[in-house]
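Chain and residue survey
If you want the building blocks of each chain, they are given just below.
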Amino acid sequence: MADRKRFEGRVALVTGGRTGIGRAAARRLLSEGAEVITVQRSEDSEFECIQADFSQPGAAEMVINEVIQRTGRLDILINNAGMMTESGIESMSVSDWEKNISVNLTTPFLLIRAALPHLRKTGGCIVNTGSIEGISPNPMHAAYSATKAGLHGLTRSVAVDHGHEGIRCNAVAPGWIDTELNVNMIDNLPNADTFKDDIKKIHPIRRTGTPEEAAALICFLASDDASFITGQVYTVDGGRMTQLSMP
Ligand SMILES: NC(=O)c1ccc[n+]([C@@H]2O[C@H](COP(=O)([O-])OP(=O)(O)OC[C@H]3O[C@@H](n4cnc5c(N)ncnc54)[C@H](O)[C@@H]3O)[C@@H](O)[C@H]2O)c1
Ligand SMILES: CC(=O)[C@H](C)O
């Protein structure tokens, strides 16, 4: 764990901070001095938290109001909560499509919109969790990949529109990170056991990633070490996107 205190005196909000990549980011931010609040649908025994379901109207605005009421400030917004519905385009219901858009794209937009007045005061920053699937989709992931591509675009727009106010906005695009999201995806596969071995082979470094490896990039982008970086989408994928596939 890092011995630097890059986030001393700063308040960080991490959506989806109870599990996976968000949990690793919350722990790293805390270990480096931040006051961290997590948001998800259930209670969080480890962190101060706000319970909210981002598929419900009003949740994003309520969360930012609650952070300001509790702490009086917001320095770092990590838009990390996300969901993935697996379905072909023809079999996908409009309600599933809209839920993916709502949680993965509209919620970050609403959180950013509500957070901007507070980030302006602190010279704060935003880090969005996109995905390599926002660049190249896996099969049957139309809704997921569309939302992540949208989130990459939103990242660039926020950077362009608000850079002059001292607000930075970047995204990470993780590849295969071992979390519940992927475990749930593998469990739906007929060849789950061989898949776990095969997935390693498509990575030049021959393994999948850990939540801590994605969180390290999130925390770098949230820190003053990245003070001249904005509007960027950084891949953290063990080289998967760099390697062309062969039959
Ligand atoms: N695991 C990967 O391989 C991978 C790769 C690229 C991107 N991502 C992205 O990383 C982010 C975190 O995912 P993860 O892999 O840590 O999986 P995860 O399932 O552990 O985390 C997802 C989090 O989002 C929260 N969430 C989902 N729907 C919500 C809702 N309606 N309201 C409130 N919270 C909700 C969950 O509570 C959970 O904490 C997601 O945005 C995901 O798309 C993951
Ligand atoms: C879930 C996700 O984004 C990966 C790349 O499978």
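Here is what the cut-offs are and how they apply
Residues numbered from 1 in each chain as written. Chains lettered and ligands numbered in written order. Predicted model: local features only at pLDDT ≥ 70, side-chain atom pairs only at ≥ 80, totals over all residues. Heavy atoms only, no water. Helix = DSSP H or I, 4+ residues; strand = E, 2+ residues; numbered from the N terminus. Buried < 20%, exposed > 50% of the residue type's maximum accessible area, 1.4 Å probe, protein only. Lys, Arg positive; Asp, Glu negative; His and termini not counted. Salt bridge = Lys/Arg side-chain N within 4 Å of Asp/Glu carboxyl O. Polar contact = N/O pair within 3.5 Å; in protein donor to acceptor, adjacent residues only side chain to side chain. Contact = heavy atoms within 4.5 Å. Near = heavy atom within 4 Å. Areas by Shrake-Rupley, 256 points an atom, 1.4 Å probe, with all protein chains shown as cover. Nonpolar A, V, L, I, M, F, W, Y, C, P; charged D, E, K, R; others polar. Axes fitted to C-alpha atoms, helices over the stretch in contact; angles between N-to-C directions. Parallel < 35°, antiparallel > 145°, perpendicular 65-115°, else oblique. Left-handed = near helix turned anticlockwise from the far one by under 90°. Pairing = 2+ DSSP bridges. Arc of directions from axis to C-beta. Disulfide = S-S within 2.5 Å.

Time to look at the side chain of arginine 168. Along the chain, the position of arginine 168 falls in strand β6 (residues 168–174). Despite its burial, arginine 168 pairs with no opposite charge; the closest candidate is aspartate 224, at 5.3 Å N-O. At a separation of 2.9 Å, a polar atom in the side chain of arginine 168 contacts the main-chain carbonyl oxygen of alanine 226. Once residues lying within four places of it in the same chain are set aside, the contact partners of arginine 168 are Gly124, Cys125, Ile126, Leu221, Ala222, Ser223, Ala226, Ser227, Ile229 and Thr230.

This brings us to the site of ligand 2. The full set of residues close to ligand 2 is Ser131, Ile132, Glu133, Asn138, Tyr144, Gly175, Leu181 and Asn182. One of the side-chain nitrogen or oxygen atoms of serine 131 is found 2.7 Å away from an oxygen atom of ligand 2. In the model, an oxygen atom of ligand 2 is placed 3.3 Å from a nitrogen or oxygen of the glutamate 133 side chain. When ligand 2 sits alone it has 220 Å² of accessible area, and the protein chains cover 96% of it. Among the residues making up the shell around ligand 2, the classes are represented as three nonpolar, four polar and one charged.

Once that is clear, we can look at the pattern of salt bridges. The final tally for this structure, using the stated rule, is 15 salt bridges. Between arginine 113 and glutamate 61 there is a salt bridge, and its shortest N-O distance comes to 4.0 Å. Here arginine 113 is found in helix α3 (residues 94–122), whereas its partner glutamate 61 is found in helix α2 (residues 59–71), with 52 residues between them in sequence.

Moving on, we get to the packing of α2 against α3. A pair of packed helices can be characterised by two numbers: the angle between their axes and the separation between those axes. One way to put it is that α2 packs onto α3 with a least axis distance of 8 Å and a crossing angle of 30°. For the element pair α2 / α3, the angle class is roughly parallel. Considering how the two elements wind past one another, α2 and α3 form a crossing that is right-handed. Note on element contacts: α3 touches α2 through Thr107, Leu110, Leu111, Arg113, Ala114, Ala115 and His118, opposite Ala60, Glu61, Val63, Ile64 and Ile68. In terms of residue class, the contact of α2 with α3 is made up of eight nonpolar, two polar and two charged.

Quick look at the site of ligand 1 now. The immediate surroundings of ligand 1 are formed by 27 residues, with Thr19, Asn80, Tyr144, Thr179 and Asn182 found nearest. Contact distances for ligand 1 include 3.4 Å between an oxygen atom and a backbone N or O atom of glycine 16. Between glycine 82 and ligand 1, the recorded distance is 3.3 Å, taken from a backbone N or O atom to an oxygen atom. With the chains in place, 94% of the 810 Å² that ligand 1 exposes on its own is no longer accessible. Elements that contribute at least two residues to the shell around ligand 1 include exactly α1 (20–31), α4 (142–162) and α5 (180–187). No other element matches the three residues that α5 contributes to the shell around ligand 1.

In spatial order, the strands read β3-β2-β1-β4-β5-β6-β7; together these seven strands make up an open sheet with parallel pairing. Each edge of the open sheet is held by one strand with a lone partner, namely β3 (48–51) and β7 (233–236). Sheet twist, expressed as the mean angle between neighbouring strand axes with direction ignored, is 20°. Inspection of the sheet shows strand β4 (residues 76–79) paired to strand β5 (residues 125–129) by four bridges, in the parallel sense. Residue pairing for β5: leucine 77 is matched across the bridge by isoleucine 126. Taken strand by strand, α1 contacts β1 (11–15), β2 (35–40), β4 and β6, and its axis lies near 165° from that of β2. Relative to the sheet, α4 contacts β5, β6 and β7, its axis offset from that of β6 by approximately 155°.

Time to look at helix α6 (residues 192–201). Residue pairs spaced three or four apart in an α-helix point in one direction, given the helix's 3.6 residues per turn. Those residues of α6 lying buried are Ala192, Phe195 and Ile199. Projected onto a plane normal to the axis of α6, the buried residues spread over an arc of 40° and lie on a single side. Turned more than 90 degrees away from the buried face of α6 sit Asp193 and Lys201, all of them exposed. For α6, the elements touching its buried residues are α5.

Our focus in this paragraph is the state of the cysteines. The full count for this structure, using the stated rule, is zero disulfides. In this model cysteine 125 remains outside any disulfide bridge; the closest cysteine sulfur is found in cysteine 169, 8.8 Å from its own. Cysteine 125 sits in the buried class, given a relative accessible area of 4%. The exposure class of cysteine 169 is buried, given its relative accessible area of 0%.

Distances and angles like these do not, on their own, reveal function.
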